[in-house]
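# Structural overview for review
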Amino acid sequence: MAPNIVILVVIACHFRKKDELCETTIKRLDEAIKQYHLRFPRIPSGPMPLMYFLVTGHCPYEKSSKKLDELMKEYLALRKGINAARIITSTGFGIASEAKTVSEQIARTIPGQKEVIIVSSQWYFWAARSFWRKYTRRDNLAASIVPLRNTGGWRTVVMYFAYAVIVRIFFAVGLSGVIEKMMNKLQAGRSEGFQFNGCA
């Protein structure tokens, strides 16, 4: 059965500076816009599906400043003309927590036959893909990924390569819950302030 709802999930990267999105986040948002426009020619005749954007990054640059997901929503609505009612934010802010919370949120709050398209950097999916597969399957969501090349800096690429090795080992031995708790603990501080430079 063809989906009647398509959700484009855009994963946040980081801030360029306070109240400003980084280059990688903007590239991901622009790719989601591209996917949005590419989607329509592939839909057969009949009722058009509803299209939603769901943005992650529920963390501020510093306490009381704007969160990444707020800035991403503003970018899509104010600069790209996307209807704000079609832009959803989520509480996820790390490679494990956002896969779980986003999948739960979509399954719980958006009724209908859904297709989920996740847009992020290629290096992000090295580690995160296992979590997304786990939770989209659990919540019975048809999901695919759009991995962007040539984003982020070498330090970020090396760090996520290390994450990927560790995550895959834990999944391979049946300890996905353990590595998930470890990743959540490691990235929990982002909710208080997030100044890591993912483009470095």
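Up top is the structure.
Read on for a plain summary of the structure. Every chain is numbered on its own, with residues counted from 1 as its sequence reads. Predicted model: local features are reported for residues with pLDDT of at least 70 only, side-chain atom pairs are reported and counted for 80 or more only, and whole-chain, interface and lining totals are derived from all residues. Side-chain calculation: all heavy atoms of the structure are included, whereas hydrogens and water are not.

## Some words on the packing of aromatic side chains
Applicable threshold: Paired rings are identified among Phe, Tyr and Trp, the last through its six-membered ring, by centres lying within 6.5 Å, and are further divided according to the angle between planes into stacked (under 30 degrees), edge-to-face (over 60) and tilted (the rest). Helix and strand definitions here come from DSSP, where helices need a minimum of 4 consecutive H or I residues and strands a minimum of 2 consecutive E residues; each element is numbered from the N-terminal end.
Applying the stated rule across the entire model yields seven aromatic pairs. Here the aromatic rings of Tyr36 and Phe53 are separated by 5.5 Å at their centres, their planes lie at 40°, and the arrangement is tilted. Here Tyr36 is found in helix α1 (residues 23-39), whereas its partner Phe53 is found in strand β4 (residues 50-55), with 17 residues between them in sequence. Ring pairing ties together the aromatic residues Trp123, Tyr160 and Tyr163, which thus form one cluster.

## Points about helix α4 (residues 122-138)
In plain terms, the rule: Multiplying one less than the number of residues by 1.5 Å gives the expected span of a helix. For a residue, the bend is simply the angle between two axes, fitted respectively to the seven-residue segment ending there and the seven-residue segment starting there. Only protein chains enter the accessibility calculation, which uses a 1.4 Å probe; a residue whose area is less than 20% of its type maximum is buried, one above 50% is exposed, and one in between is partly exposed.
In this model α4 runs 23 Å from its N-terminal to its C-terminal C-alpha over 17 residues, within 8% of the 24 Å that 1.5 Å per residue would give. Roughly 60° is the biggest bend found in α4, and it falls at Ala128. For α4, the full list of buried residues reads Trp123, Tyr124, Phe125, Ala127, Ala128, Ser130, Phe131, Trp132, Tyr135 and Thr136.

## Brief notes about the pairing of strand β6 (residues 114-121)
Taken residue by residue, a regular strand's side chains alternate between the two faces of the sheet. Rule in force here: Any two strands with at least two DSSP bridges between them are considered paired.
Within β6, eight of the eight residues are buried, leaving the element largely enclosed by the surrounding structure. Where strand β1 (residues 5-10) lies against β6, six bridges are found, and the strand directions are parallel. Within β6, the residue paired with Ile7 across the bridge is Val116. Of the strand pairs in this sheet, β6 and strand β7 (residues 142-148) are connected by seven bridges, and their pairing is parallel.

## Structural notes on the packing of α1 against helix α2 (residues 68-79)
We apply this condition: Only C-alpha atoms enter the line fits that serve as axes; for helices the fit covers just the stretch in contact. Angles between N-to-C directions range over 0 to 180 degrees. Should an angle fall under 35 degrees it is called roughly parallel, over 145 degrees roughly antiparallel, and 65 to 115 degrees roughly perpendicular, with every other angle called oblique. Left-handed describes a crossing whose near helix is turned anticlockwise from the far helix through less than a right angle; right-handed describes the clockwise counterpart. Contacts are residue-level and defined by heavy atoms, with any inter-residue pair within 4.5 Å sufficient. Residues are sorted three ways: Asp, Glu, Lys and Arg are charged, Ala, Val, Leu, Ile, Met, Phe, Trp, Tyr, Cys and Pro are nonpolar, and all the rest, Gly among them, are polar.
Packing of α1 against α2 brings their axes to within 11 Å, and their N-to-C directions diverge by 45°. Taken together, the axes of α1 and α2 are oblique relative to one another. The element α1 and its partner α2 pack so that their crossing is right-handed. Across from Thr25, Ile26, Leu29, Asp30 and Ile33 in α1, the residues of α2 making contact are Met72, Tyr75 and Leu76. Among the residues forming the contact of α1 with α2, the class breakdown is six nonpolar, one polar and one charged.

## Things to note about the sheet that holds strand β5 (residues 87-89)
The five strands are arranged β5-β4-β1-β6-β7 in an open sheet whose pairing can be described as parallel. Here the strands that pair on one side only, and so sit at the sheet edges, are β5 and β7. Taking each pair of neighbouring strands and ignoring which way they run, the sheet shows an average axis angle of 25°. With three bridges connecting them, β4 and β5 associate as parallel partners. Residue pairing across strands places Phe53 opposite Ile87, the latter belonging to β5. Running over the sheet, α2 touches β1, β4 and β5 and is turned about 175° from β5.

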